[in-house]
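One-letter residues, chain by chain:
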Amino acid sequence: MDSLNLSKFCIRLGDHCLIMAHRQSELCSNGPFLEEDIAQINLGLDLLGQAEALLIYAAKLEGGSRSADDLAFRRSERQFHNFMLTEQPNTDFAFVIVRQYIMSLYLLKTYQVLSKVEDETLSGIALKALKELTYHERHFSMWINRLGDGTAESKLRIQTAVDELWMFVGELYEEDALDLTAQKALYAPKGEEMKAFLMEQITAKFTEATLSVPESVYMTTGSKQGIHTEYLGFLLTEMQYLQRAYPDAKW
Amino acid sequence: MKTSISKAFVYQLLAKVPDPEIPVVNIVEMGMIRDVLVNSDGVEVFLCPTYSGCPAMDMIETMVKEMLADNGIVTCKITLVYKPAWTTDWMNAETKEKLRAFGIAPPNGKASSKKSMLNKELVACPQCRSENTEIKSMFGSTACKSLYTCLDCLEPFDYFKCI
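An account of the accompanying structure is given in this report. (Residues numbered from 1 in each chain as written. Chains lettered and ligands numbered in written order. Predicted model: local features only at pLDDT ≥ 70, side-chain atom pairs only at ≥ 80, totals over all residues.)

As for the overall build of chain B
Line of reasoning, step 1. Along the backbone of chain B there are 4 helices and 7 strands.
Line of reasoning, step 2. Seen in sequence order, chain B has helices and strands lined up from the N terminus as α-β-β-α-β-α-β-α-β-β-β.
Line of reasoning, step 3. Principal axes of the C-alpha set define a box for chain B whose edges measure 55 × 25 × 25 Å.
Line of reasoning, step 4. Each of the 163 residues in chain B was classed as buried or not, and the buried ones make up 34%. (Helix = DSSP H or I, 4+ residues; strand = E, 2+ residues; numbered from the N terminus. Buried ≥ 20, exposed ≤ 12 C-beta atoms within 10 Å, placed from the backbone.)

Details of the interface of chain B and chain A
Line of reasoning, step 1. If you look at the interface, chain B gives 14 residues, while chain A gives 20 residues.
Line of reasoning, step 2. Among the residues forming the side of chain B that touches chain A, the class breakdown is 9 nonpolar, 3 polar and 2 charged. (Contact = placed C-beta atoms within 7 Å. Nonpolar A, V, L, I, M, F, W, Y, C, P; charged D, E, K, R; others polar.)

Overview of the sheet that holds strand S7 (residues 156-160) of chain B
Residues and elements named next belong to chain B.
Line of reasoning, step 1. A sheet is described by the order of its strands in space; here 4 strands give the open sequence S4-S7-S6-S5, paired in mixed fashion. Lying at the two open borders of the sheet, with one neighbouring strand each, are strand S4 (104-105) and strand S5 (133-137).
Line of reasoning, step 2. Here strand S6 (residues 145-150) pairs with S7 via 5 bridges, running antiparallel. Each bridged residue has a counterpart across the sheet, and for Tyr148 the counterpart in S7 is Phe157. (Pairing = 2+ DSSP bridges.)

Quick notes on the packing of helix H5 (residues 93-114) of chain A against helix H7 (residues 152-165) of chain A
Residues and elements named next belong to chain A.
Line of reasoning, step 1. Interaxial distance between H5 and H7 falls to 8 Å at its minimum, and their mutual angle equals 50 degrees. Considered as vectors, H5 and H7 are oriented oblique to each other. In the crossing of H5 with H7, the sense of the turn from one axis to the other is right-handed. Residue-level contacts link Ala94, Phe95, Ile97, Val98 and Arg99 of H5 to Arg157, Ile158, Thr160, Ala161, Val162 and Leu165 of H7.
Line of reasoning, step 2. Its residues placed into classes, the contact of H5 with H7 shows 8 nonpolar, 1 polar and 2 charged. (Axes fitted to C-alpha atoms, helices over the stretch in contact; angles between N-to-C directions. Parallel < 35°, antiparallel > 145°, perpendicular 65-115°, else oblique. Left-handed = near helix turned anticlockwise from the far one by under 90°.)

Focus on the packing of H5 of chain A against helix H6 (residues 120-148) of chain A
Residue and element names in this part refer to chain A.
Line of reasoning, step 1. Put simply, H5 and H6 touch, their axes get as near as 8 Å, and they point 150 degrees apart. Viewed along their axes, H5 and H6 adopt a mutual orientation that is roughly antiparallel. Handedness of the H5/H6 crossing: left-handed.
Line of reasoning, step 2. A per-class count over the contact of H5 with H6 returns 17 nonpolar, 6 polar and 1 charged.

A closer look at the nonpolar core
All names here are of chain A.
Line of reasoning, step 1. Counting residues in hydrophobic clusters, the biggest one holds 111 residues, and the most contacted among them are Cys10, Leu54, Ala58, Ile97, Val98 and Ile102.
Line of reasoning, step 2. For this core, the leading source of residues is helix H2 (residues 34-62), giving 15 residues.
Line of reasoning, step 3. Among all residues touching Ile97, those that are not within four sequence positions of it are Phe140, Trp143, Ile144, Leu147 and Ile158. (Core = buried A, V, L, I, M, F, W, Y, C linked by C-beta atoms within 7 Å.)

Overview of helix H2 (residues 57-70) of chain B
Residues and elements named next belong to chain B.
Line of reasoning, step 1. Between the first and last C-alpha of H2 there are 20 Å, a value that for 14 residues agrees with the 20 Å anticipated at 1.5 Å per step.
Line of reasoning, step 2. Taken residue by residue, H2 has Met57, Ile60, Val64 and Leu68 as its buried positions. When H2 is viewed along its axis, its buried side chains cluster within an angular range of 65 degrees and face the same direction. In this structure, H2 carries Asp58, Thr62, Glu66, Ala69 and Asp70 as exposed residues pointing more than 90 degrees from its buried face. (Expected span 1.5 Å × (residues − 1). Arc of directions from axis to C-beta.)

Overview of the sheet that holds strand S1 (residues 33-39) of chain B
All names here are of chain B.
Line of reasoning, step 1. A sheet is described by the order of its strands in space; here 3 strands give the open sequence S1-S2-S3, paired in mixed fashion. Single-partner strands in this sheet number two, and they are S1 and strand S3 (76-80). Going from strand to strand, the sheet's axes swing by 15 degrees on average, the running direction of each strand aside.
Line of reasoning, step 2. Relative to S3, strand S2 (residues 42-47) runs parallel, the two sharing 5 bridges. By the bridge assignment for S3, Val43 is matched with Cys76.
Line of reasoning, step 3. The strands that helix H1 (residues 7-14) touches are S1 and S2; relative to S1, the one it contacts most, it runs at about 135 degrees.
Line of reasoning, step 4. Relative to the sheet, H2 contacts S2 and S3, its axis offset from that of S3 by approximately 155 degrees.

Quick notes on the pairing of S7 of chain B
All names here are of chain B.
Line of reasoning, step 1. The buried fraction of S7 is high, at 4 of 5 residues.
Line of reasoning, step 2. In this sheet, S7 lies alongside S4 in parallel orientation, the contact comprising 2 bridges. Paired with Ala105 across the two strands is Tyr159, which belongs to S7.
Line of reasoning, step 3. Where S6 folds back on S7, the antiparallel hairpin that results is connected by 5 residues, among which Leu154 adopts a positive phi of roughly 65 degrees.

Considerations on the environment of Ala182 of chain A
Residue and element names in this part refer to chain A.
Line of reasoning, step 1. Considering the arrangement of structural elements, one finds Ala182 in helix H8 (residues 177-184).
Line of reasoning, step 2. Note on Ala182: 23 C-beta atoms within 10 Å, which makes it buried.
Line of reasoning, step 3. Separated by 58 residues in sequence, Ala182 and Gly124 have C-alpha atoms that sit 18 Å apart.

Geometric values such as these leave the question of function open.
This is the structure:
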């Protein structure tokens, strides 16, 4: 891949991590109990670190006209390429778990492929992130079991979250020109391979947790063109507040 | 800059930089220094982050630069290396004992083992050394630690996870 395509590729992946990290940071002091509160923000911190490493590399590949901070804090909704799933709000704890569980699977597969590429920076970031995603997936899948195979109320809540969020899963294995370029260079799994991996994992886990996988429904699309749900704007307003209000403010 | 600076001297200085989260061990003992290059342009330190989002990284970089500058090395470049990924396997027995004496149960065994992957390690209490302990929370005060309680002396403690 040439450096322009590679930088776009890193920005997409970095955006998924950044927006997920922000959603998890919102749980700080709002977790259901102290230990889980700490767990959630620690997992979010890992994602923030991955986002930082990816955006630093993307900025470098672009030629240095923008910094990683510019990418994070000075782009608007239409310039973000995170999946719509990542920006969905923390409606209740079940929504957090379903969103993060599915995205953990996506990132696991993505980093597995990236850990083998020739690009030393990217394979290094991926190898490090793989260790982290392994315990992310473990943590969220434990909650899928506990809530799904828990009480009538917890089961109702998590099945509702699954049903509501399912329409955003299609984007995870959709392909556009950049994806095809990345796949050709062996930087990304093919869409059908990603879909098969996700469905196999999710079906096995949901069966264990007595949850049902929704029948095929309408899948939404658009984030690759910068089209998002209304939630991203509100998220960015909060995340970017400081740099917008006080440009170039330093810590 | 002095050309007489040796790699060993730089390592000696780096061994004086404590881990900001665990002040009883230094960054060399933690395995975070992967290499040091000394050439006519100055010193280049290759630093390996423990976790992607470790909030202490910026502070560690500043502390390294300050330590070297205080000792006459003003031209210092810090390069982050991710590969191979940092692992607790790089801590030696002496470092692990320092952690234990500080009250943190050191990483037990090899990161690559199945047991540590499944969180089924036998963790000894750093106070009374009993292995009759119980995990309370997978995450503790930092991402690298879990919270345990000793069922014999009833003391809560941090366990440095294998990674």
